[in-house]
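# Fold and geometry: a report
Read off the chains here:
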Amino acid sequence: MLGIILNNIRRNIKAFLVYLLLISALYSPVVFGGKSLQPALYQPHGLTQGWPYGYEGRKPVNTFNVDLATPAYYEWPVNKLVGDMYKSKSLPLWNPYQAAGTPLAAEYSTRAFFPYQILENMSPVALWDYFLLGRLLIAGFFSFLFLTRVGLSFSASLLGGIFYMFSGTMVWFINLEQMTNVAMMLPVLLYSLESMIRKAGGIQIAMLGVVCALVLLGGQPEVAFYIMFLAVSYFAFRTLHLYKGKAFVSLSIKFIFALALGIALAAPQILPFLEFASSSHHAHHPRMGIGTEIISNWKRAFVSLTPTATEIPADPQILPEVLARFEDSAQGPTYFRIFATKGVWDWIGGYTGILSVFMALVGVLSVLVRRSVEGRGMILFFFCFGVVILLKHFGVRPFLWLGYLPIFDIAWGPRWASPTWVFSFSMAGAIGYQTILRCRTHAERNTRPAKQGGSEAVQSNEDAFASEALQPSYAGHIHKHLTYVPIAVFVTFLGIYFCILLPEVVVLAIERNLHFSPISAPYIVPSMLLGHMETMLILTVALIMTLYYVKSGKGMYGFIGLAVLELWWAIPRGYNHHWLYLKSIPFALGLVLVFTLCKERWRWAATAAVFFFISSLWLDAKAPNGFPDRYNPFTEPPYVGFLKAKQGFFRVMGGYGILYPNYSGAVNLQDVRYINALMIPAYQQYRLENLQETFQNEEVAASSLWFTGRPERVIVDSDKTIGRYFKVVRRGVEKDIKANLPYYSLLGVRYILMPSQLDLNDAPPSEEGPDVPYLPVIYDNEIKIYENPSALPRSFITDDFEVVSSDDVRISPSGHQVKSWQPATDMTSDTSRLSMGAATIEEYRPNKVSIEARLEHPGLLVLSDVYYRGWKAYVDDRPTKIFRVNQLVRGVFLREGNHRVEFRYRPESLTVGAAMGAIGLIAIVALLLPSRRYHKTGQQKQSSTK
């Protein structure tokens, strides 16, 4: 027993080191070359217009064809904010730096309570790249553990981990952490679930409960839901398959209990999220069609097999509604996404490459031809699950009906469901590899019983792939179907590529200047055409190696090298079109490596691996474009220090990419703009009515969650020939600011940040009309800073107000004049006119605001932070009611005298969630204690027996 445990430990360590080595090799520019995967370095806005302040390193060509704006602008600065909050010993519950205040942890996609994310956020920014790569390591290693747990051999399990860890889900979306956090937990969840199914003890149930909680805390609820759907489906299949229904009820009870534990542990984030989502403005409403939105072009499915076919720069002729032009003297004009949008990859969600699908199909056809083969149920389950999800995405009924079910109807599947189908095909590919390996071993054992085969000795430790005795008459049959099945799969794929896909690609390559802009046309041959040729070459090599293995019993290790080579080719790097051609040099050396692995020439394989590594590292080091140099995107330009030196509390407003949302939170400056997944409706409405002019037919839904200060505005138009389409109009944000200055002033916007070349004042003060505000320039260096003299203090006391209802009070934007007012019912005053007082903010923290107020007569204290029901107010330590002022900000009525007013953010949903989490934690400890006692009792009995 001890020997088996030690062998398993050695096997796991070996796999872990192999994965670590592969990540270091495939991402060698990042690990060894000082390059970076931080999305903030791939987009041209942040604290300043253009790249981070002081950055002079390499820039990528925008060939990623995916939504990089979301991680760059929404997630990355929030990571810094959350980390700073934890380091200051404050829970990240409320974000005071965007949109005049908004819930933070309740946004869910901020991942504020996910342990791995917390550790990353609190670490130095220079280490964040390694956390990104660490997710690949976790995904691959636990895929390996899961496959070994169900009985696959070492090489098959290793291959399955490679398929998933370098798939499009983990690689193309590597810096979309709200997705990859949950995606990396998928194999951890199935490993824990498999362990619980096999031995439903306290430790296994507790472990499954903790992992379920981590899945729910990972960041993206739609991804988590699809993953839980896969887990429930796998549980039903596996329990029925293993125990033939005998233990289904008892295991189901334990499984449900583990899920309940996970929900309880994750409740501190789930309950505030549900509370916020139920009352927020967002884009995913039930029964709005998002769950049944389909991919209309079925040919996009083949992008999963040939991912580099879309490695083309963002084209303004194709995506005008989401692109902003940015001039760069070295690179020329480039286009970058300024809103969250559906790039090509958002419509397919990931890629597998051709090899895993080839192996999966070979395995599926093999088990269908020979029904008694091992692992038949496992490969059919994973393959069919992946197919069902894809058929749903392409609108095939009845699979499409899945999108009508509750919760599924608010999940945009083409992106968020991708971890489930990509993982399923990765596992099916590994099992297909195992099926070929086992069939060959059985056939060889029966035909040549005295001689060991050249393949690895497979020692399964579970019943799913246990050894099976074959009759000699089956040996020839196995050899035949191991020959015919891969040939049939190869011919099918090759026929599709040669007859359907490749002719269109060739035509596009020849006529590229007619169909693409001058920016994109040079990339058609090295990305699209070369990508298709690479796919067919991988497919051909896979067939040759399969047939070679059938004949000689050698070569299956070559599949591991081939998988690594194919997935290395698909990693997006941001090269220009010239250097995309040069990727063929390391690729050719990789083919030599595959050949030496196939022939089991280990010294030659090691030499080829070294040359492959050196050539790929050299290629990236010499490329003028590509992975950017590692740099802190939060490096503060001088104007940040200038603003922080200003006295008092104030807000700012930027435009044209300066202090781009949500970067103000990363440097502790308070902004009125925002990039959020959920929005407090009152503020969103205030912005539309009072802060920004709305054009006729403006696509408000596309930008309502992105108030960025960019001048581009998206307009919906229609044409009788082509139907609904988008176009872009420009309106300078400075026009909106000057036209609506009183409404900015109410929110305490004192400083306006603009590019140096822009002048907000059309005329000197003496020539400005009485209705045109003049904004003096107080800073003119890398940017211009204008001061708004009419900005109200962040907290003030007004004597003119109107009580609209029991919850609402109205004041004018200036805070001093209203047409009428009525005292609140709980106030007594003999005066017909209230007097002003003074209010000073003494302490301002994310979850707490303390104000010292002095009033000669009763009045209304206004704090220009957004009203939200999670806030509580205390006057001299006594609870008091918070009123909504102008349907937007907070106010409390005060009597005459001196008062200390405190606003504390303590939502009831968080309190209830924390209580549920504590109960779940106690249950986890209780589950572990009996196992420890049983273990100690067993040891004592053994000692007494001896």
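Please read all numbers here as calculations on a predicted model, not as lab measurements.

## Digging into the overall build of the protein
Within the protein, the secondary structure is distributed over 29 helices and 23 strands. When the 946 residues of the protein are sorted by exposure, 60% land in the buried category. For the protein, long-range pairs separated by at least 24 residues make up 76% of all intrachain contacts whose partners lie at least 6 apart in sequence. In the structure as shown, the protein presents an accessible area of about 36900 Å², 61% of it carried by carbon and sulfur atoms.

## Quick word on the pattern of salt bridges
As enumerated under the stated definition, the model contains 32 salt bridges in all. For Arg 111, the salt bridge is made with Glu 177, and the minimal N-O distance between the two is 3.6 Å. Of this pair, Arg 111 sits in the loop between β2 (102-103) and α4 (115-122) while Glu 177 sits in helix α8 (residues 177-198); the two residues are 66 residues apart in sequence, bridging distant segments of the chain. Taken as a pair, Arg 111 and Glu 177 share a single burial class, namely buried. With its nearest N and O atoms 3.0 Å apart, the salt bridge here joins Glu 636 to Lys 644. Its relative accessible area of 37% is what places Glu 636 among the partly exposed residues. Connected via shared salt-bridge partners are Glu 843, Lys 848, Glu 852, Arg 900, Glu 902 and Arg 904.

## Overview of the pairing of strand β17 (residues 848-855)
It is a general feature of regular strands that their side chains alternate between the two faces of the sheet. Pairing analysis gives seven bridges linking strand β16 (residues 838-845) to β17, with the strands arranged antiparallel. Note that in β17 the partner of Ala 839 across the bridge is Ala 853. Between β16 and β17, which follow one another and run antiparallel, lie two residues. As defined by bridge partners, β17 adjoins strand β23 (residues 897-905) across eight bridges and the pair is classed as antiparallel. Paired with Lys 848 across the bridge in β23 is Arg 904.

## Things to note about the sheet that holds β16
Overall, antiparallel pairing links the five strands, which are arranged β16-β17-β23-β19-β20 in an open sheet. For this open sheet the edge positions go to β16 and β20 (878-880), each flanked by a neighbour on one side alone. Taken pair by pair, the neighbouring strands of this sheet meet at an average axis angle of 25°, ignoring direction. As defined by bridge partners, strand β19 (residues 871-875) adjoins β20 across three bridges and the pair is classed as antiparallel. Looking at β20, one finds that Tyr 874 is bridged to Pro 879.

## Topic: the sheet that holds strand β5 (residues 651-654)
Two modes of strand pairing occur in sheets, parallel and antiparallel, and in both the strands are linked by backbone hydrogen bonds. As summarised here, the arrangement of the four strands in space is β5-β10-β12-β11, forming an open sheet in which the pairing is mixed. Each edge of the sheet is formed by a strand with only one pairing partner; in this case those strands are β5 and β11 (777-780). In this sheet, adjacent strand axes meet at a mean angle of 20° when their direction is disregarded. Bridge count between β11 and strand β12 (residues 784-787): three bridges; the pairing is antiparallel. Paired with Tyr 779 across the two strands is Ile 785, which belongs to β12.

## Digging into the packing of helix α1 (residues 2-26) against helix α6 (residues 154-165)
Any two packed helices are characterised by how steeply their axes cross, that is the angle between the axes, and by the distance between the axes. Where α1 contacts α6, the two axes come as close as 11 Å, and the packing angle between them is 35°. In the crossing of α1 with α6, the sense of the turn from one axis to the other is right-handed. Contacts between α1 and α6 involve Arg 11, Lys 14, Ala 15, Val 18, Tyr 19, Leu 22 and Ile 23 from the former and Phe 154, Ser 157, Leu 158, Gly 161, Ile 162 and Met 165 from the latter. In the contact of α1 with α6, the residues fall into nine nonpolar, two polar and two charged.

## Section: the packing of aromatic side chains
Taken as a whole, this structure holds 59 aromatic pairs when the rule is applied. Here Phe 383 and Phe 425 contribute two aromatic rings whose centre-to-centre distance is 5.7 Å and whose plane-to-plane angle is 70°, an arrangement assigned as edge-to-face. Of this pair, Phe 383 sits in helix α13 (residues 376-393) while Phe 425 is found in helix α15 (residues 418-447), placing the two residues 42 residues apart along the sequence. Phe 425 carries the same exposure label as Phe 383, and that label is buried. Taken together, the ring pairs connect Phe 146, Tyr 164, Phe 225, Tyr 226, Phe 229, Tyr 234, Phe 237, Phe 381, Phe 382, Phe 385, Phe 408 and Phe 423 into an aromatic cluster. The lysine or arginine in question, Lys 14, covers the ring of Phe 154, its NZ or CZ lying 4.8 Å from the ring centre. Just above the ring of Trp 569 sits the side chain of Lys 583; from NZ or CZ to the centre is 4.3 Å.

## Concerning the packing of helix α5 (residues 128-149) against α6
Contact geometry for α5 and α6: axes closest at 8 Å, N-to-C directions at 145°. Read as a crossing pair, α5 and α6 show a hand that is right-handed. Counted together, Leu 136, Leu 137, Ala 139, Gly 140, Ser 143, Phe 144, Leu 147 and Thr 148 of α5 and Phe 154, Ala 156, Ser 157, Leu 158, Gly 160, Gly 161, Tyr 164 and Met 165 of α6 form the full contact between these two elements. Residue composition of the contact of α5 with α6, grouped by class: 10 nonpolar, six polar and no charged.

## Description of α8
Look at α8: 32 Å from first C-alpha to last across 22 residues, which is about the 32 Å you get at 1.5 Å a residue. Of all the bends in α8, the greatest reaches close to 30° and is centred on Leu 186; the proline Pro 187 follows between one and four positions later. Across the 22 residues of α8, 20 count as buried, placing the element largely inside the fold.

## A short note on helix α10 (residues 221-243)
For the α-helix, the turn length of 3.6 residues means that residues three or four positions removed from each other point alike. Between the first and last C-alpha of α10 there are 32 Å, a value that for 23 residues agrees with the 33 Å anticipated at 1.5 Å per step. Looking at the residues trailing α10, positive phi occurs at Lys 244, about 55°.

## A few points about the confidence of the model for the protein
Mean pLDDT for the protein: 86, with 87% of residues reaching 70 or above. The model gives residues 815-835 a pLDDT under 50, and that stretch makes 46 contacts with residues more than four places away or in other chains. The model gives residues 941-946 a pLDDT under 50, and that stretch makes zero contacts with residues more than four places away or in other chains.

## Some points on the environment of Trp 706
You can see Trp 706 is positioned in strand β7 (residues 706-707). Put simply, Trp 706 and Tyr 74 are 632 residues apart on the chain and 9.3 Å apart in space, counted from C-alpha to C-alpha.

## As for a nonpolar patch on the surface
A cluster of nonpolar side chains, contributed by Met 1, Leu 2, Ile 5, Leu 6, Ile 9, Ile 13, Phe 16, Leu 17 and Leu 20, occupies part of the molecular surface with about 870 Å² of accessible area. Looking at where Ile 9 falls in the secondary structure, it is placed in helix α1.

## Observations concerning the nonpolar core
What tends to happen in soluble globular proteins is that the nonpolar side chains get buried as a cluster. Core analysis: the largest hydrophobic core is formed by 295 residues, its most contacted members being Tyr 27, Phe 166, Tyr 234, Phe 382, Tyr 639 and Tyr 683. Of the residues forming this core, the biggest block, 14 residues, is contributed by helix α18 (residues 524-552). Setting aside anything within four residues of it in sequence, one finds Tyr 639 in contact with Leu 47, Thr 48, Ile 658, Leu 659, Leu 753, Tyr 779, Glu 782, Ile 783 and Ile 785.

## Points about unusual backbone geometry
Between Arg 397 and Pro 398 the backbone carries a cis peptide bond, its omega angle lying at 5°. Within the fold, Pro 398 resides in the loop between α13 and α14 (413-416). Here the residue pair Pro 661 and Asn 662 is connected by a cis peptide bond, since its omega of 5° sits within 30 degrees of zero. Mapped onto the secondary structure, Asn 662 falls in the loop between β5 and α24 (663-666). The phi torsion at Ala 100 lies on the positive side, around 60°, for a residue other than glycine.

How each quantity is defined
- Residues numbered from 1 in each chain as written.
- Predicted model: local features only at pLDDT ≥ 70, side-chain atom pairs only at ≥ 80, totals over all residues.
- Heavy atoms only, no water.
- Helix = DSSP H or I, 4+ residues; strand = E, 2+ residues; numbered from the N terminus.
- Buried < 20%, exposed > 50% of the residue type's maximum accessible area, 1.4 Å probe, protein only.
- Contact = heavy atoms within 4.5 Å.
- Areas by Shrake-Rupley, 256 points an atom, 1.4 Å probe, with all protein chains shown as cover.
- Salt bridge = Lys/Arg side-chain N within 4 Å of Asp/Glu carboxyl O.
- Pairing = 2+ DSSP bridges.
- Axes fitted to C-alpha atoms, helices over the stretch in contact; angles between N-to-C directions.
- Left-handed = near helix turned anticlockwise from the far one by under 90°.
- Nonpolar A, V, L, I, M, F, W, Y, C, P; charged D, E, K, R; others polar.
- Phe/Tyr/Trp six-rings, centres within 6.5 Å; stacked < 30°, edge-to-face > 60°.
- Lys NZ or Arg CZ within 6 Å of the ring centre and 35° of its normal.
- Expected span 1.5 Å × (residues − 1).
- Bend = angle between axes of the 7 residues up to and from the residue.
- pLDDT = per-residue confidence, 0-100.
- Patch = residues over 30% accessible without salt bridge, like charges linked within 9 Å, V, L, I, M, F, W, Y side chains within 5 Å.
- Core = buried A, V, L, I, M, F, W, Y, C linked by side-chain atoms within 4.5 Å.

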